[in-house]
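# Remarks on the overall topology
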2 protein chains.
Amino acid sequence: MTLTYQAPLRDMRFVMDEWLDAASWWRDVPEWQDLDSHTAQQVLEQAARFVEERIAPLNASADLEGCHFDAGKVTTPAGFSKSYAEFVEAGWPTLSLDTAHGGQGLPQLLDVALQEMLAGANHAWLMSPGLTHGATACLQRYGSERVKRELLPKVASGEWLSTMCLTEPQAGSDVGLIRSRATAAPGTDGYFIDGSKIFISGGAHDLTENIVHLVLARLPDAPPGTKGLSLFVVPEWLAGDDAGRSRNGVHCEGIEKKMGLKGSPTCTMRFERAFGWLVGEAHRGLACLFVMMNAARLQVAMQGLGHAHTAWQRSRAYAQERAQMRAPSVPLDATVAPGQASPIAFHPAMRRILMELRAVVEGERAIGYWTAHWLDVGARHADAAEREQAAQLASLLTPIAKAFFTANGFDAASNALQVFGGYGYIHEYGIEQTLRDSRVSMLYEGTNEIQAIDLLVRKVLPDGSQALGLLLRHVRAEAQFCEESDPLVRSAGVKLRELVEAVERTTQAIKTRQAHDPETAYRVADDYLAMLGWMLLAFAWARTLRIAAPLHDSEAFYVEKRETGRFFFDYPLAAFAYRRSLVEAGCVATLPHV
Amino acid sequence: MTLTYQAPLRDMRFVMDEWLDAASWWRDVPEWQDLDSHTAQQVLEQAARFVEERIAPLNASADLEGCHFDAGKVTTPAGFSKSYAEFVEAGWPTLSLDTAHGGQGLPQLLDVALQEMLAGANHAWLMSPGLTHGATACLQRYGSERVKRELLPKVASGEWLSTMCLTEPQAGSDVGLIRSRATAAPGTDGYFIDGSKIFISGGAHDLTENIVHLVLARLPDAPPGTKGLSLFVVPEWLAGDDAGRSRNGVHCEGIEKKMGLKGSPTCTMRFERAFGWLVGEAHRGLACLFVMMNAARLQVAMQGLGHAHTAWQRSRAYAQERAQMRAPSVPLDATVAPGQASPIAFHPAMRRILMELRAVVEGERAIGYWTAHWLDVGARHADAAEREQAAQLASLLTPIAKAFFTANGFDAASNALQVFGGYGYIHEYGIEQTLRDSRVSMLYEGTNEIQAIDLLVRKVLPDGSQALGLLLRHVRAEAQFCEESDPLVRSAGVKLRELVEAVERTTQAIKTRQAHDPETAYRVADDYLAMLGWMLLAFAWARTLRIAAPLHDSEAFYVEKRETGRFFFDYPLAAFAYRRSLVEAGCVATLPHV
């Protein structure tokens, strides 16, 4: 069993060139005048080569070896240090960084595709550079001139890695309970930080010569709760007075023994008179950090997609190879000798699993890249109103993608494991690692329940919110296009229009009930998010069917798209009605206390 | 975090005494004249004490330590050997064994409750005695006089442990592909077995002085496929010619590195001129083995229930202790100071998860014990027709319980892990082990997909099958009782009747389509099984509501039963319609090949 990873370059190209037609709007962006589909594909091919050859081969061995902790020092698994240096050397951390800041200035769309590859190949490895973009964005926007001069360039290039230090034992989802303290460091422009943080990914490691921690703590005059949190940047090493440098009061006290992601050190950190600088305004640390967390959330969504893709790729390969029992039917082009067992890929129960994996993976890829596209539009469009609308769309899509993709990623791993039968439970077949690694993405960067509340309570229900209307206009427009096409596409369009109307009615039902029962939104938020997730996949597949329609009798790639799209509307989409029925239940029935 | 296990004795008593009213029919069984509810409860209390004090404390440490393999020898984790000796000493393996064979002759119902406790406390430990009952039943029925005399007593008492050696690298679900060979051993009453087996739980260990392997192999004149398999009993040690004993040609070549169940050695076995005796008729080995596998399947179902119960018990305790953010509402009797965070158990998203865990666990306990009850009736009833009907019901319920409970057990573990947030991903909180351990039950003793085919293709669709009709008569009768009760119970009864009618219509739709599209049943089997599973839980909760009805304003236990039952019909039961819609999809739409 060789555990190779192949980046889905053909499908990435389909989504970028045909589903999104990304290059057509790149031409309107001055910085991207010269960027065309061909160049973008070359970048992705290089990325794929690096990920397949240098990162993927370290996945299983890192899981077995894990990280080592000894007297405050953390060693990462064999090969991580070298491959990370190559990653920085090749400039991958700065792919979408502005050229003004020394980056390559490419669309975030390409970066998101890179994230998908890295996650699918080696999630633990990806954890190290996982916060580079967020920390860069945060320091760019809120860092002092000195911080921007002394720290930012090395953070942005990936030469120094970053962490986000929020969680304390008593303060997980509720950061308002954070107790770490900051006091002005006399005679300097900085502060001393004291406190303990847990679950800090990459809090200590041997990958870079310095680690830059972004730490939430309270100043002496801070009000309680989230409005008293300030953000500080605390490097592990400080530039010394002379040529040397001095160790800051940042200590790793241990690493966690986790279910998965064993190649990534999850550290308990102690800050003891650790010197740092304020980032942004005092007591406004959470706002500064949101810049960082938003960047991270779409990356986490890509982890869900990456794992689902790997699950699909591996389970399909296994199912085509493994023969057990006669299947009730075989493909037209297959020959199975009498009395011989069929590849399990022929068995209907396996086809159900495999086709659903495929439908979810390819649909999510379109939606994930669409979200990145809106981030690009929000950042680069010439028109301010377009930028604003794009930002609203991205802000609405991000929590959906984070929660929906990560839950699907874990389910995909478990379903793929089932295809492997008993072998799935054995380490050397790789899929059980996918299951274990994928589970964490439902928890961090805000649990999936927090994402659902963010979506419904903060983004959909407030009266001023226009984002949902914007989203539904896009989906409805697609439905209309589809309804003008051939019968298969037309029926997808009709279905898609029904979904939009269902979402509108159900959203209204929540608002009505919420007016006199303010717990309603909290009861239904998870199912509401999933409902929107399934609608988005239907949107993805309707457009895919429409694109594939004129080509349905030629290239296998498009024939398979049509088969998968048809399957999606026949089977997996039933989950939309299921989730909707649960939202409706929550608009009627209260929940007991436990 | 103390990882204690408390057996759900109060609920076990409720199911046995009130839901099943088991003691009332025990009185009609001559052997059980003296068995009453009080005695049964005493047995369960002793079992609970043993499991809680001696078995549960070894769960986390065994997961960390794992099993050791060295030069063919396997060592189990610390404490396993001693506690297993105590288990045998106390007579737990023979709880439901006939008194005629030296057992205690108690109902299988009590044994199933013991299985639930062991699985909830320490699944890996349970693996060792897991096949004792099956091997005993198999040898009792098919063993030669010599085998019954020399091996059976020690197998039945648990003094020697047993294995089931089916799987070979090329033969997993498809045992017809087995290649191991058996040849007559000249001048003896036995055979020599040669071949390799994989995934043999307890193939080698340090718990007992002998291990008795039941091995499927082919005799020289065997036809190909499953009709050429014969069953052999192959002890690790043979009684020697004189006072000594001799090592048989049975070798453990290694143990697997698995996702979970690390305390249980999963062995690769090599049989080389291993001496054994034929069990049952030549070429009829599979039929003999079915006796063993059927006993094992209900045990595996109990593993799903045990894990789900542990997931519920631990996540509730954590949710009541952990405080994060203000909940939108608090229970009437709770006081939360202004500005103080609420226990997360108050948050609606957590209540949804926790209540669903509870509803599934308590509903499954009723259905699992009901299945064991039919096994008892099938074995002990005075009337042959009653025995036959009970056996049919048990045979129908077993694959449902195996697949439905184990899938729910894994989902329960994952949902409970979500309650723990980031802590859920850390080993010391225990729940990630529950997730890892629980996953295997969906794979072994026939994957859940095989169970679904067994249910639909072999038990429901054949024209002569009456089992489904029998089952639906029981459910319909309950619906009728409920419809004569108070409004809450009545509405549950109405709903239950609708479910029965839906099952009848959907079953008919499958038959109709199947007549001209023989793949239909294979496409819909998994969802059909789940549909029946949800109907059974509705049956369990309808009866529970009816029992609790007259008591609804008194004891908290019954008040909570009513709340949970109401919740079940409001929320989780939506999964029935979802699964049904998928079955209906499968009756219309074909599946592409992958």
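Conventions adopted
- Residues numbered from 1 in each chain as written.
- Chains lettered and ligands numbered in written order.
- Predicted model: local features only at pLDDT ≥ 70, side-chain atom pairs only at ≥ 80, totals over all residues.
- Heavy atoms only, no water.
- Helix = DSSP H or I, 4+ residues; strand = E, 2+ residues; numbered from the N terminus.
- Rg over C-alpha atoms; globule rule 2.2 N^0.38 Å.
- Buried < 20%, exposed > 50% of the residue type's maximum accessible area, 1.4 Å probe, protein only.
- Contact = heavy atoms within 4.5 Å.
- Areas by Shrake-Rupley, 256 points an atom, 1.4 Å probe, with all protein chains shown as cover.
- Lys, Arg positive; Asp, Glu negative; His and termini not counted.
- Charge placed at Lys NZ, Arg CZ, Asp CG, Glu CD.
- Buried area = accessible area lost by both parts, 1.4 Å probe.
- Salt bridge = Lys/Arg side-chain N within 4 Å of Asp/Glu carboxyl O.
- Polar contact = N/O pair within 3.5 Å; in protein donor to acceptor, adjacent residues only side chain to side chain.
- Nonpolar A, V, L, I, M, F, W, Y, C, P; charged D, E, K, R; others polar.
- Domains from an automatic or database assignment.
- Pairing = 2+ DSSP bridges.
- Axes fitted to C-alpha atoms, helices over the stretch in contact; angles between N-to-C directions.
- Parallel < 35°, antiparallel > 145°, perpendicular 65-115°, else oblique.
- Phe/Tyr/Trp six-rings, centres within 6.5 Å; stacked < 30°, edge-to-face > 60°.
- Lys NZ or Arg CZ within 6 Å of the ring centre and 35° of its normal.
- Least-squares fit on C-alpha atoms with pLDDT ≥ 70 in both.
- UniProt positions renumbered as here; feature names shortened; annotations may be inferred.
- Disulfide = S-S within 2.5 Å.
- Left-handed = near helix turned anticlockwise from the far one by under 90°.
- Core = buried A, V, L, I, M, F, W, Y, C linked by side-chain atoms within 4.5 Å.
- Expected span 1.5 Å × (residues − 1).

## With respect to the overall build of chain A
A tally of helices and strands in chain A yields 19 helices and eleven strands. For 594 residues, the compact-globule formula gives about 25 Å, and the C-alpha radius of gyration of chain A, at 24 Å, lands near that figure. With respect to the three principal axes, the spread of C-alpha positions in chain A is 80 × 60 × 55 Å. Expressed as a percentage of the 594 residues in chain A, the buried residues total 62%. Considering only residue pairs separated by 6 or more positions, chain A has 73% of its internal contacts joining residues 24 or more positions apart. When the accessible surface of chain A is totalled, it reaches about 21500 Å², and 51% of it is carbon and sulfur. Computing the positive centroid from 57 side-chain charges and the negative centroid from 70, chain A places the two 4 Å apart.

## What to know about the interface of chain A and chain B
Contact with chain A, which involves 84 residues of that partner, is made by 84 residues of chain B. Buried surface at the junction of chain A and chain B, summed over both partners, amounts to about 7000 Å²; 64% is from carbon and sulfur atoms. Linking chain A with chain B are four salt bridges, by the criterion used here. A salt bridge links E519 of chain A to R351 of chain B; its shortest N-O distance comes to 3.1 Å. Where chain A packs against chain B, one counts 44 residue pairs in polar contact (both at pLDDT 80 or more). A per-element tally of the side of chain A that touches chain B places helix α11 (residues 348-380) of chain A first, with eight residues. Of the residues belonging to the side of chain A that touches chain B, the class tally is 45 nonpolar, 18 polar and 21 charged.

## Focus: the domain arrangement of chain A
Bring the parts together and some accessible area is lost; that lost area is often taken as the interface size. Entries for chain A in the domain assignment read domain 1 (9-68 + 78-135), domain 2 (141-283) and domain 3 (447-594). Look at where the C-alpha atoms of domain 2 of chain A and domain 3 of chain A centre, and you get two points 40 Å apart.

## Here we look at the pairing of strand β4 (residues 181-184) of chain A
All names here are of chain A. Note that β4 and strand β5 (residues 191-201) share four bridges and pair antiparallel. Its bridge partner lying in β5, A182 is registered against I193. In sequence, β4 turns back onto β5 through a hairpin of six residues, with G187 there showing a positive phi of about 75 degrees.

## With respect to the packing of α11 of chain A against helix α18 (residues 556-570) of chain A
All names here are of chain A. Where α11 contacts α18, the two axes come as close as 9 Å, and the packing angle between them is 100 degrees. Taken together, the axes of α11 and α18 are roughly perpendicular relative to one another. Of the residues in α18, those touching α11 at R352, M355, E356, R358, A359 and E362 are E560, K561, E563, T564, F567 and F568. Here the residues of the contact of α11 with α18 sort into four nonpolar, one polar and seven charged.

## Digging into unusual backbone geometry
Of all residues except glycine, most have a negative phi; of all peptide bonds, most are trans. Residues other than glycine seldom take positive phi values, yet L261 of chain A does so here, at roughly 55 degrees. Mapped onto the elements of the fold, L261 of chain A is located in the loop between β10 (250-255) and β11 (266-279). The phi dihedral of F199 of chain B falls on the positive side, at around 60 degrees, and the residue is not glycine. Relative to the helices and strands, F199 of chain B resides in strand β5 (residues 191-201).

## Some thoughts on the packing of aromatic side chains
Evaluated as defined, the whole model comprises 53 aromatic pairs over all chains. With a centroid separation of 6.4 Å and an interplanar angle of 90 degrees, the aromatic rings of Y318 of chain A and Y429 of chain A are classed as edge-to-face. A residue pair is termed long-range when its members are at least 10 positions apart, and Y318 of chain A in helix α10 (residues 285-321) and Y429 of chain A in the loop between α12 (384-419) and α13 (431-439) qualify at 111 residues. The residues Y318 of chain A and Y429 of chain A share a single accessibility class, namely buried. Each ring, one from W534 of chain B and one from F568 of chain B, has its centre 6.3 Å from the other, and the planes form 25 degrees; the classification is stacked. Residue W534 of chain B is found in helix α18 (residues 520-548), and its partner F568 of chain B is found in helix α19 (residues 556-570); the two are separated by 34 residues along the sequence. Here W534 of chain B and F568 of chain B have matching classes, each one buried. Linked through ring pairs, F199 of chain A together with Y318, F420, Y423 and Y429 of chain B together constitute an aromatic cluster. A cation over an aromatic ring shows up here: R10 of chain A above the ring of F557 of chain A, its NZ or CZ 3.9 Å from the ring centre.

## Description of the side chain of Q299 of chain A
All names here are of chain A. Here Q299 shows up in helix α10. Judged by its relative accessible area of 9%, Q299 is buried. What Q299 contacts, discounting residues up to four positions off in sequence, is Q115, G130 and H133.

## Concerning the relation of the copies chain A and chain B
Rotating chain A by 180 degrees and moving it 0.0 Å along the rotation axis overlays it on chain B with an RMSD of 0.0 Å. Overall, the copies show the geometry of a two-fold rotation axis. Using C-alpha coordinates, one finds that chain A approaches the rotation axis most closely at Y578 of chain A, a distance of 2.8 Å. Most of the interface of chain A is mirrored in chain B: 100% of its interface residues are interface residues there too.

## Observations concerning the UniProt feature "domain: Acyl-CoA dehydrogenase/oxidase C-terminal" (unreviewed entry) in chain A
Listed under "domain: Acyl-CoA dehydrogenase/oxidase C-terminal" (unreviewed entry) in the UniProt record, and renumbered for this structure, are residues 284-453 of chain A. Here residues 284-453 of chain A is 71% helix and 0% strand, with 22 Å between the C-alpha atoms at its ends.

## A closer look at the state of the cysteines
All names here are of chain B. This model, assessed by the stated rule, comprises zero disulfides over all chains. Lacking any disulfide linkage, C138 is separated from the closest cysteine sulfur, that of C288, by 5.8 Å. For C138, a relative accessible area of 0% puts it in the buried group. Looking at the unpaired C252, the closest cysteine sulfur is the one in C267, lying at 3.9 Å. The class for C252 is buried, based on a relative accessible area of 8%.

## A word on the packing of helix α3 (residues 37-55) of chain A against helix α5 (residues 80-89) of chain A
Residue and element names in this part refer to chain A. For the pair α3 and α5, interaxial distance at closest approach is 11 Å and the crossing angle is 165 degrees. Between α3 and α5, the angle falls in the class roughly antiparallel. With respect to the hand of their crossing, α3 and α5 are arranged in right-handed fashion. Counted together, F50, R54 and I55 of α3 and K82, S83, E86 and F87 of α5 form the full contact between these two elements.

## Topic: the nonpolar core
W19 and M535 of chain A together with W19 and M535 of chain B are the most contacted members of the largest nonpolar core, which has 329 residues in total. If we ignore the near neighbours within four places in the chain, the residues touching M535 of chain B are L471, L472, V475, L496, L499, V500, V503 and F576 of chain B.

## Regarding helix α19 (residues 574-586) of chain A
Along an α-helix, residues three or four positions apart point the same way, because every turn accommodates 3.6 residues. In a regular helix each residue adds 1.5 Å, so 13 residues correspond to 18 Å; α19 of chain A covers 19 Å between its end C-alpha atoms and thus fits that length. For α19 of chain A, the complete set of buried residues consists of A574, A575, F576, Y578, R580, L582, V583, A585 and G586 of chain A. Looking at the buried residues of α19 of chain A, the elements they touch are α16 (487-516) and α17 (520-548) of chain A together with α12 (348-380), α19 and α20 (574-586) of chain B.

## A closer look at the pairing of β5 of chain A
Walk down a regular strand and you will see the side chains alternate between the two sheet faces. Residues and elements named next belong to chain A. The buried fraction of β5 amounts to eight of the eleven residues, a majority that puts the element mostly inside the structure. Pairing of β5 with β11 involves eight bridges; the strand directions are antiparallel. Counted as the bridge partner of F192 is F275 from β11.

## Brief notes about α10 of chain A
With 37 residues, α10 of chain A ought to run about 54 Å at 1.5 Å a step, and its terminal C-alpha atoms sit 54 Å apart, in line with that. Most of α10 of chain A is tucked away: 29 of the 37 residues are buried.

## Quick notes on the pattern of salt bridges
Residues and elements named next belong to chain A. Under the criterion given, the structure shown has 74 salt bridges over all chains. Between D454 and R297 there is a salt bridge, and its shortest N-O distance comes to 3.1 Å. In this pair, D454 is assigned in helix α14 (residues 448-460) and R297 in helix α10, connecting sequence segments 157 residues apart. Judged by its relative accessible area of 8%, D454 is buried. Judged by its relative accessible area of 9%, R297 is buried. For E478, the salt bridge goes to R543, with nearest N and O atoms at 2.7 Å. Here R543 lies in helix α17 and E478 lies in helix α15 (residues 467-483), a separation of 65 residues in the sequence.

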